[in-house]
Amino acid sequence: MSDCLFCKIVAGEIPSKKLYEDDLCYAFYDIDPQAPTHFLVIPKQHIPSAAAVTSENSAVVGHIFEVIAKLTRELGLESFRVVSNIGEQAGQSVFHLHFHVLAGRDMTWPPG
Ligand code: AMP
Ligand code: ZN
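About the thresholds
Residues numbered from 1 in each chain as written. Chains lettered and ligands numbered in written order. Predicted model: local features only at pLDDT ≥ 70, side-chain atom pairs only at ≥ 80, totals over all residues. Heavy atoms only, no water. Near = heavy atom within 4 Å. Polar contact = N/O pair within 3.5 Å; in protein donor to acceptor, adjacent residues only side chain to side chain. Areas by Shrake-Rupley, 256 points an atom, 1.4 Å probe, with all protein chains shown as cover. 1 Å grid on protein atoms, 1.4 Å probe; cavity = no way out; pocket = protein on both sides within 12 Å on 5 of 7 lines; lining within 4 Å. Sits in = over half its atoms within 2 Å of the grid points. Helix = DSSP H or I, 4+ residues; strand = E, 2+ residues; numbered from the N terminus. Contact = heavy atoms within 4.5 Å. Points joined across faces, edges and corners; volume = space filled by probe spheres on them. Nonpolar A, V, L, I, M, F, W, Y, C, P; charged D, E, K, R; others polar.

Here we look at the site of ligand 1
Point 1. Around ligand 1, the structure places 16 residues, and the nearest of them are Asp-30, Asn-85, Gly-91, Ser-93 and His-100.
Point 2. Between an oxygen atom of ligand 1 and a main-chain N or O atom of Gly-91, the distance comes to 2.9 Å.
Point 3. Between Ser-93 and ligand 1, the recorded distance is 2.7 Å, taken from a backbone N or O atom to an oxygen atom.
Point 4. Here ligand 1 has 500 Å² of accessible area as a free molecule, and 84% of this is covered by the chains.
Point 5. Mapping ligand 1 onto the cavity grids shows that it belongs to the largest pocket.

Examining the environment of Val-83
Point 1. Inspection of the secondary structure puts Val-83 in strand S4 (residues 81-83).
Point 2. For the pair formed by Val-83 and His-98, sequence separation is 15 residues and the distance between their alpha carbons is 8.4 Å.
Point 3. The contacts of Val-83, once residues within four sequence positions are left out, are His-98, Phe-99, His-100 and Leu-102.

Re the layout of surface pockets
Point 1. Taken as a whole, the largest pocket holds about 700 Å³ of empty space.
Point 2. What lines the largest pocket is a set of 31 residues, and nearest its centre among them are Asp-30, Gln-34, His-38, Leu-40 and His-100.
Point 3. Taken together, the elements giving at least two residues each to the lining of the largest pocket come down to helix H1 (5-10), strand S2 (25-29), strand S3 (37-43), S4 and strand S5 (99-103).
Point 4. At 3 residues, the largest contribution of residues to the lining of the largest pocket is made by H1.
Point 5. Residues belonging to the lining of the largest pocket are distributed by class as follows: 15 nonpolar, 11 polar and 5 charged.

In structure tokens form, the structure reads like this:
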């Protein structure tokens with residue numbers, strides 16, 4: 001999608017601090033970290049949010065969770081939080097599906 005920030009990051013048109021990449025997904029550090037470790041994992045394919053996951057595109061979501069498990073293991077993170085905001089009221093600001101991975105500090109529950 002031509003006017004999507006994260007599609008532009010995947011395409012290398014906007015710089016990012018890359019952590020991992022494969023055929024299906026891209027992981028990079030959040031520009032405004034909310035924890036000592038805060039990175040995002042996104043599908044390369046444009047999917048607007050988790051509300052747009054269907055039987056046609058859901059395989060990438062399972063793959064992303066495999067990648068999250070691998071990356072957190074490699075980074076030595078034993079405890080972490082995975083968050084996906086859906087819609088403006090829930091705090092979504094970039095409308096390309098992404099999973100936040102946050103670690104390195106105490107987390108509160110419920111989230112604000
Ligand atoms: P959300 O608000 O859940 O849609 O998450 C979007 C996230 O993207 C926020 O945590 C932003 O800090 C992050 N973000 C926005 N622009 C960039 C960028 N150019 N590089 C890395 N992260 C970004
Ligand atoms: Zn996109």
